[in-house]
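If you want the building blocks of each chain, they are given just below.
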Amino acid sequence: MAVSGENVPFIIAGGAAALSLASLLWALRVSDGARGAARKFRDRSSALESELAEQRSVLAAHPGVVLVWQGDDIDVDSDDLGAPQLHGSRAALAALLRYTDDAVSADPAVAILEGLADLEARDAGGNDVTLRIALRELVENGTQFSLTISGRELSSPDTAKRKRAFLEADGRTAGARVIVWITDSTIRHLESSHLLSRVEETQRMIARDPHSFVDMLDRSPFPAWRMSGVGKLQWANPAYLRAVEAESLEKALDRQVMLDALAAEQTRKTIAEGREIDETRHMVIDGERRAMRILSFPLSGGAGAMALDVSAQEDAREELARHVKAHDETLNHVADGVAIFGPDRKLSFYNRAFAQMWGLEEGFLLEKPTHGQLLDRLREQRKLPAREDYAAWRADELSYYLDISGIEEDTWSLPNGDTLSVTRQRHPMGGLLLLFKDITSELDLKTRFNALIKTQSATLDSLHEACAVFSGDARLRLSNRAFERLWNLDPALLQNDPDYGDLIEACVPLFHDRVIWDEIRRHITDPTDQARQPTAGEMRRSDGSILTYLTHPLPDGNTLIAFADVTATRRVESALRERAEAFEAADRLKTEFVQNVSYQLRSPLTTILGYAEFLQSQRHGDLSERQADYVNAILQASDHLSKLIENILDLALIEAGRMDLDLADLDFADLVDEGVEMVVSKAEDTEVTVRSQIEGDLGIIRADEGRLRQVLFNLVSNALRFSEPGGEVVVSAKRVGEMATLSVTDSGKGMDAERRATSFDSFTSGDQRGAGLGLALVHRFIDLHGGNVGIKDNPDGGTIVTCWLPVEAQVETRPPEVSAPGPGLQA
């Protein structure tokens, strides 16, 4: 249906009126509901207030107090957990406020907790505990508790009848709340508690003489003090006051002077945890740095503490640690392997030699293996000696921990050929100490030493001389069979290292001079340098034998005494001495005889030679041919005899030591040439060729010209005498460095070895054609010049005589020669 425009306002107005009416009706309905709800709320609130009042009246009727912590109000990090709500009777509250004297907080609930938190208490199981600890366990772990707290004494006019108050504390959780009930149960516990007897007994003991305990602590030399449950200083002894430099206890309490901050913290920790704490720290007391042992322990209502000066103990501990370190370092430089096992049989120490000896890994040793594990590792590496039953052997090794009375030694032969000496002994700190010493080289040396000793003993036994070795304490250490035989000693006496004095008593019957025996003993026992010098002497024994002895110090401190029987030697020496004296007498007679004979012969020989030369001059008439031959023969014989006498005189002068050389510088080559020319005419008579052979430049030599000419003449004359007609004599000379050589070679039949050996002796002649003085004079003249003469066979036949002369004659003063009379002189 269509709506006209005129009706629209009416329609809108009707709708608005209907809406208003509806709104009015809805408001009336809502208003009735709100008034009903408000009425119900007021009724509920009134009921709750009545119930709360009833609950409070019930809590107020409780004989104790109730502490309640709401979940959001609990402060876990605080010692008092925050401020709780306080409920209970006012009488009970007033009674508990007696324990708040040392409280810090103004809140009664917190003050009660501060006063009771650290008092002596026991739980339902009879274990000592404090309210503070039990409350913290309740908050952190939900552990419920029921405690009996020992409070203060009940006041009474009669001191003997005073009783201690007892409180009961029960803690529970209710949702997020923590609730603690505290009730005074003094009467009931005084009648039935087991705690009564122990507490009263203690109280009676203190009551009898209460001042003695305080006086005892006052007189103690160590600081002692008491802290309240909130960490306040309540009491201290004089030693404490001296340590903190306080004038009096009152001032120390007023200023709360602590020994040091760490000590105060330790006592607070003791109060919080309810356990004893023992710590050692360094602090300055009386201007000195000292090591103090702080011992804090819980007491009823707080904690007690004392400080003990342990500086000496700490110094001793540090000194011991240094000694242990030095000991370990010393053992590390020891060549033997050292291993120490503790009481738990674990390796506690080993030195470098031990690790190197067994070739064990450093990591394995640092893990501190047990003794058994170490043996097993060595067995795995095939380093232990072979054992038929390893398990039994291993058990035996470990049994030393249980029973070892002294030092146990053993020898291990290892698979690698080494030999170890193993020593076991109990360690002073418990456990076992093992010492491993490599004795491979020692055993080898010992074997060789024993072999050497046997060799020396065999060598000494093979000697004819008697030998004995004595140690510094005059004990016989070694002797040979010759010593036993020489002194007729009983073999049993030489056993077991007899004393020197006992041996000498057995030797005195053969040689009784005790002065010499004592002197020998002094060389054995006296360690001074003057005494330890080699000495020698002679003994003439009662059996007629003669001994020589000597003492000789040995490098090892021992002394060797040697005896030799020289009886036969002395007899030979005596005979030789007598013979030498006879030779000297004969030599003197010979020299005197030669001089006298030479002098006596020279005078008539001069007369004969003069008359023969006079006859040869034919001044009183001519001589027939036969007469002339006779005269020539007389002259030749006279000349030979004259030369023989001169040679004898020269030889006598040389042997008497009275021959002096007339030294001068000579041309050696000219001397040789002139000497050869001098004997050429004689060589023509014998039909023997004489020639000189000079090699190189001979230069100048310093010698006696006359004696060298005589040497050359005698050598050539001797060669001509032994050369056959048609033969040849060669005179050769050369210079070699600082020596000049002169050789004469003939072509004769030569000389055998026996004749060459005596060719330079006086008065010897191989063919009886001379007196044998030529070569003897040659030898002595060359010897006077410091040279030498030699003779040998010529490979081409004949003999070669060589003289070696120094370029500068070495003239020495020679004593007269002593020789036996030659056969020529005897003839």
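Thresholds, definitions, all that
Residues numbered from 1 in each chain as written. Predicted model: local features only at pLDDT ≥ 70, side-chain atom pairs only at ≥ 80, totals over all residues. Heavy atoms only, no water. Helix = DSSP H or I, 4+ residues; strand = E, 2+ residues; numbered from the N terminus. Buried < 20%, exposed > 50% of the residue type's maximum accessible area, 1.4 Å probe, protein only. Contact = heavy atoms within 4.5 Å. Areas by Shrake-Rupley, 256 points an atom, 1.4 Å probe, with all protein chains shown as cover. Arc of directions from axis to C-beta. Pairing = 2+ DSSP bridges. Axes fitted to C-alpha atoms, helices over the stretch in contact; angles between N-to-C directions. Left-handed = near helix turned anticlockwise from the far one by under 90°. Salt bridge = Lys/Arg side-chain N within 4 Å of Asp/Glu carboxyl O.

Draft legend 1. Up close: the overall build of the protein chain. Of regular secondary structure, the protein chain possesses 26 helices and 29 strands. A total of 827 residues make up the protein chain; the buried ones form 37% of that total. Within the protein chain, counting contacts between residues at least 6 apart in sequence, those at least 24 apart form 50% of the total. On the protein chain, roughly 48400 Å² of surface is accessible, and the fraction owed to carbon and sulfur atoms is 53%.

Draft legend 2. Highlighting helix 15 (residues 390-398). Within helix 15, the full set of buried residues consists of Tyr390, Trp393, Glu397 and Leu398. Buried residues in helix 15, looked at end-on, bunch into an arc of 135 degrees, giving them a common side. In this structure, the buried residues of helix 15 make contact with helix 14 (371-380), strand 15 (408-413) and strand 16 (419-426).

Draft legend 3. Region of the structure containing the sheet that holds strand 27 (residues 739-745). Strand order in this open sheet of five strands is 24-26-27-29-28, and the pairing throughout is mixed. Among the strands making up the open sheet, the edge pair consists of strand 24 (689-695) and strand 28 (788-793). Sheet twist, expressed as the average angle between the axes of neighbouring strands with direction ignored, equals 15 degrees. Taken together, the six bridges between strand 28 and strand 29 (residues 799-806) define a ladder with antiparallel strand orientation. Bridge assignment links isoleucine 791 to a residue of strand 29, and that residue is valine 801.

Draft legend 4. Geometry of the packing of helix 23 (residues 705-722) against helix 25 (residues 774-784). Closest axis-to-axis distance for the helix 23/helix 25 pair is 9 Å, and the angle between their directions is 145 degrees. When the axes of helix 23 and helix 25 are compared, the crossing they make is left-handed. Contacts from Arg707, Leu708, Gln710, Val711, Asn714, Leu715 and Asn718 in helix 23 reach Gly774, Leu775, Leu777, Val778, Phe781 and Ile782 in helix 25.

Draft legend 5. Expanded view of the sheet that holds strand 22 (residues 559-565). One open sheet accounts for five strands, arranged 19-18-22-21-20; its pairing is antiparallel. Each end of this open sheet is capped by a strand with a single partner; those strands are strand 19 (476-479) and strand 20 (535-540). Direction aside, neighbouring strands of the sheet carry axes that sit 20 degrees apart on average. Strand direction decides the pairing type here: strand 20 and strand 21 (residues 546-553), joined by six bridges, are antiparallel. Paired with arginine 540 across the two strands is isoleucine 546, which belongs to strand 21.

Draft legend 6. Just the pairing of strand 11 (residues 288-299), in detail. In this structure, strand 10 (residues 277-285) lies alongside strand 11, joined through nine bridges in antiparallel fashion. Within the sheet, the bridge partner assigned to isoleucine 277 lies in strand 11 and is serine 296. The antiparallel pairing of strand 10 with strand 11 creates a hairpin that spans two residues between the two strands, and aspartate 286 there sits at a positive phi of about 55 degrees. Relative to strand 12 (residues 302-309), strand 11 is paired through eight bridges, and the arrangement is antiparallel. Considered in strand 12, the bridge of proline 298 is made with alanine 303.

Draft legend 7. Structural context of the pattern of salt bridges. On inspection of all chains with the given rule, the structure shows 31 salt bridges. Across the salt bridge formed by arginine 136 and glutamate 140, the nearest N and O atoms sit 3.4 Å from each other. A residue pair is termed a helical-turn pair when its members lie 3 or 4 positions apart in one helix, as arginine 136 and glutamate 140 do in helix 4 (residues 131-141) at four residues. The class for arginine 136 is partly exposed, based on a relative accessible area of 23%. Here glutamate 140 falls in the partly exposed class, since its relative accessible area comes to 44%. Among the salt bridges present, the one from glutamate 505 reaches arginine 514, with a minimum N-O distance of 3.1 Å. Accessibility expressed as a relative area gives 46% for glutamate 505, which makes it partly exposed. Overlapping salt bridges bring together Glu538, Arg540, Arg570 and Glu573 as one network.

Draft legend 8. Highlighting unusual backbone geometry. Within the chain, alanine 474 stands out as a residue other than glycine whose phi angle is a positive 65 degrees. You can see alanine 474 is positioned in the loop between strand 18 (466-470) and strand 19. Classification of alanine 474 by relative accessible area gives buried; the value is 1%. Here aspartate 497, not a glycine, exhibits a phi torsion of approximately 50 degrees, which is positive. With respect to the secondary-structure elements, aspartate 497 resides in the loop between helix 17 (481-486) and helix 18 (500-507). Accessibility expressed as a relative area gives 32% for aspartate 497, which makes it partly exposed.

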